[in-house]
Amino acid sequence: MRVSLRRGASTLLWVLLVVLLIRALQWLHSCASRSPWGVSSAYVLVQDRHGRVHGYNHSSPLVFVGGVPRSGTTLMRAMLDAHPDIRCGEETRIIPRLLGLRQSWTGDWAERRRLEEAGVTQQLLDSAVTAFLLEVIARHGEPAPLLCNKDPFTLKSAVYLSHLFPNSKFILMLRDGRASVHSMISRHVTISGFNLSSYRDCLSKWNRAVQSMFQQCSQVGSARCLEVHYEDLVLHPRPSLQRVLHFLDIRWHEGVLHHEEAIGQPGGVSLSRIERSTDQVIKPVNLEALTRWVGHIPDDVLADMKNIAPMLSRLGYDPNANPPNYGQPDAVVINNTDRVLKGDFKIPSNLKGQPQVHSNGTVPKR
């Protein structure tokens, strides 16, 4: 019954997505005479809580945060959300689906020809996708000078997005694949195509996914795509975030080092009980999850790690070290970890759809 409901919900979402995209295409087609061909005429106006109106178009600066799930994307976006000039918000979930749908249309020669025969050219389709993405990103949270989107797999389309939004930038979160996979499996985080009963399969899929995103980031170029290692962010949050904000041309703000204090506050960090990382990011930056994977991966998988996940070495991780030496943490992180282990941190009282939270700070499984 649960599977049927999920399939039904998924089908309904796809139908809604297609309907919305068709409406966007129709609207753009009617505007074609007023807009240069191939350039989206979409312009989104959003009013903030003080009554000020903010406008966004395809030339507005945007930042896309992505990476393989369980690589620190939620932590990064929560830290950015704590900055008064940046708004990321929760995962939209619909953006990577739309990008995948667009890829399925344009990647199939026969389908692409059918679309062009119907007058749905590549330029028109790109304009519609731009309008749709801009609408979702701008309206699913509060306005801010810099809007940010965090949907992990979005960075598989970084090159395409860099053309749609010429002033956009990208942050690729990288993490030891063994830690990412253990987190997926131990926390039962369902990801399409990943067999959560097999470390070997998940590590192989991790390798394929991170390789794709790494290549996309390289193609976009270092001026627009920044690689950030989760381990560096956790061990050395201040220099890591100074580097990130400098990359984004955003002034420094101490609040990014204390994202947990901004959760649920006006203009602060919005968290949903639905996202699986919520019970972790409500805590200050700490070392809890850094080496939690050690001792859980089967011996035969460890012995074959170089072949299963060659991207580990390429990203600077020692595939034979269990645990690896990620480096020494800053004093503030050590202090935060002691506080977390003692339960000495404040649990937010105003998460979206406030979940029950255990005394150890974890959210019960749904």
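None of these values were measured; they are calculated from a predicted model.

Quick notes on the sheet that holds strand E6 (residues 169–174)
Consideration 1: Strand order in this open sheet of 5 strands is E4-E5-E3-E6-E7, and the pairing throughout is parallel. Both edges of this open sheet fall to strand E4 (86–87) and strand E7 (225–229), since each of them pairs with a single strand only.
Consideration 2: Sitting on the sheet, helix H10 (residues 237–247) touches E4, E6 and E7, and the angle it makes with E7 is about 170°.

A few points about the pattern of salt bridges
Consideration 1: Evaluated as defined, the whole model comprises 16 salt bridges.
Consideration 2: Here Lys150 makes a salt bridge to Glu275, at a shortest N to O gap of 3.9 Å. Placement of Lys150 in strand E5 (residues 146–150) and of Glu275 in the loop between H10 and helix H11 (278–281) is noted, with a sequence separation of 125 residues between them. Each member of the pair, Lys150 together with Glu275, is buried.
Consideration 3: Put simply, Arg187 and Asp279 hold a salt bridge, and the shortest N to O gap is 2.6 Å. In this pair, Arg187 is assigned in the loop between helix H7 (177–186) and helix H8 (199–220) and Asp279 in helix H11, connecting sequence segments 92 residues apart.
Consideration 4: Note on Arg187: relative accessible area 18%, which makes it buried.

A few points about the side chain of His229
Consideration 1: Take His229: it is sitting in strand E7.
Consideration 2: When neighbours within four sequence positions are excluded, His229 is seen to be in contact with Leu174, Leu315 and Tyr317.

Examining the packing of aromatic side chains
Consideration 1: Tallied over the entire structure, the rule returns 3 aromatic pairs.
Consideration 2: Considering the side-chain rings of Phe64 and Phe165, the 6.1 Å spacing of their centres and the 45° angle between planes classify their relative orientation as tilted. With Phe64 in strand E3 (residues 62–66) and Phe165 in the loop between helix H6 (158–164) and E6, the pair connects residues that are 101 residues apart, well separated along the chain. The residues Phe64 and Phe165 share a single accessibility class, namely buried.
Consideration 3: With 6.4 Å between their ring centres and 85° between their planes, Tyr317 and Tyr326 make a pair best called edge-to-face. Of the two residues examined, Tyr317 and Tyr326, each falls in the buried class.
Consideration 4: Following the ring pairs from residue to residue traces out a cluster consisting of Phe64, Phe165 and Phe170.
Consideration 5: One Lys or Arg, Arg102, reaches over the ring of Tyr160 and ends 3.6 Å from the middle of that ring.
Consideration 6: If you follow Arg175 out to its NZ or CZ, it ends over the ring of Tyr230, 4.3 Å from the centre.

Quick word on unusual backbone geometry
Consideration 1: A cis amide bond links Asn322 to the next residue, Pro323, at an omega of 5°.
Consideration 2: Within the secondary structure layout, Pro323 lies in the loop between helix H14 (311–314) and helix H15 (331–341).
Consideration 3: Phi at His188 takes a positive value of approximately 55°, unusual for a residue other than glycine.
Consideration 4: Positive phi, close to 60°, is recorded for Asp249, a residue that is not glycine.

Comments concerning empty space enclosed by the protein
Consideration 1: According to the stated counting rule, one finds 2 cavities of 30 Å³ or more in the structure shown.
Consideration 2: Empty space within the second largest cavity amounts to approximately 40 Å³.
Consideration 3: Surrounding the second largest cavity, Thr106, Arg112, Leu115, Glu116, Val120, Thr121, Gln122 and Leu125 form its lining.

Let's talk about H8
Consideration 1: A rise of 1.5 Å per residue sets the reference length of H8, with its 22 residues, at 32 Å; its end C-alpha atoms lie 31 Å apart and thus fit the reference within 8%.
Consideration 2: Tyr199, Cys202, Leu203, Trp206, Asn207, Ala209, Val210, Met213, Phe214, Gln216, Cys217 and Val220 are the residues of H8 that are buried.
Consideration 3: Where H8 begins, the capping side chain belongs to Ser198, and its oxygen is found 3.4 Å from the backbone nitrogen of Arg200.
Consideration 4: Remark: Gly221 follows H8 within two positions and exhibits a positive phi of approximately 100°.

Some remarks on the state of the cysteines
Consideration 1: Tallied over the entire structure, the rule returns 2 disulfides.
Consideration 2: Each sulfur of the disulfide joining Cys88 and Cys148 lies 2.2 Å from the other. Negative torsions about the S-S bond denote left-handed disulfides, and the value of about 95° found for Cys88 with Cys148 makes this one right-handed. With Cys88 in the loop between E4 and helix H3 (94–107) and Cys148 in strand E5, the pair connects residues that are 60 residues apart, well separated along the chain. Side by side, Cys88 and Cys148 carry an identical accessibility label, which is buried.
Consideration 3: Counting its disulfide-bonded cysteines in sequence order, the protein shows a connectivity of 1-2, 3-4.

With respect to the confidence of the model for the protein
Consideration 1: Of all residues in the protein, 85% have pLDDT values of 70 or greater, and the mean over the chain is 88.
Consideration 2: Low pLDDT, under 50, characterises residues 27–38; the predicted model gives this stretch 16 contacts beyond four residues in sequence or across chains.
Consideration 3: Note that pLDDT drops below 50 for residues 354–366; the model gives that stretch 24 contacts with residues more than four away or on any other chain.

Section: the nonpolar core
Consideration 1: Membership of the largest hydrophobic core comes to 97 residues, with the highest contact counts inside it found for Met76, Leu80, Leu133, Ile171, Trp206 and Leu248.
Consideration 2: Ignoring sequence-local partners within four residues, the contact set of Leu133 consists of Ile95, Leu98, Leu99, Leu161, Leu164 and Phe165.
Consideration 3: Judged by nonpolar contacts, the second largest core, of 5 residues, contains Leu101, Leu115, Val120 and Leu125.

Conventions adopted
- Residue positions within a chain follow its written sequence, with the count starting from 1.
- Local features in this predicted model are restricted to residues whose pLDDT is 70 or higher, and side-chain atom pairs enter the listing and the counts only when it is 80 or higher, whereas totals over whole chains, interfaces and linings include all residues.
- With hydrogens and water stripped out, all remaining heavy atoms of the structure feed into the side-chain values.
- Note: two strands are recorded as paired if DSSP finds a minimum of 2 bridges between them.
- Secondary structure elements follow DSSP: runs of H or I no shorter than four residues count as helices, runs of E no shorter than two count as strands, and numbering proceeds from the N terminus.
- Contacts are assigned to residue pairs with any non-hydrogen atoms lying within 4.5 Å of each other.
- Between N-to-C directions, angles cover 0 to 180 degrees, with each direction set by a line fitted to C-alpha atoms, over the stretch in contact for helices.
- The term salt bridge refers to a side-chain nitrogen of Lys or Arg lying within 4 Å of a carboxyl oxygen of Asp or Glu.
- Only protein chains enter the calculation, and the probe is 1.4 Å; a residue is then buried if its accessible area is under 20% of its type maximum, exposed if over 50%, and partly exposed in between.
- Two aromatic rings from Phe, Tyr or Trp, using only the six-membered ring of Trp, form a pair when their centres are within 6.5 Å; if the ring planes differ by under 30 degrees the pair is stacked, by over 60 it is edge-to-face, and anything between is tilted.
- Placement of a positive charge over a ring is assigned whenever Lys NZ or Arg CZ falls within 6 Å of the ring centre and within 35 degrees of the normal to the ring plane.
- Of the grid points, spaced at 1 Å and generated over the protein atoms alone, those admitting a 1.4 Å probe that cannot get out make up cavities, while open sets with protein on both sides within 12 Å along at least five of seven lines make up pockets; any residue with an atom within 4 Å of a point is treated as lining.
- Grid points are joined across faces, edges and corners, and a volume is the space filled by probe spheres set on the points.
- For a helix, the expected span equals 1.5 Å multiplied by the residue count minus one.
- Two N or O atoms count as a polar contact when they lie within 3.5 Å, although within protein this holds only if one can serve as hydrogen donor and the other as acceptor, and sequence-adjacent residues are included solely when both atoms are side-chain atoms.
- For this text, the term disulfide refers to a pair of cysteine sulfurs within 2.5 Å.
- What pLDDT expresses is the predictor's confidence in each residue, scored from 0 to 100.
- The criterion is simple. A nonpolar core is a set of buried Ala, Val, Leu, Ile, Met, Phe, Trp, Tyr and Cys residues joined through side-chain atoms within 4.5 Å.

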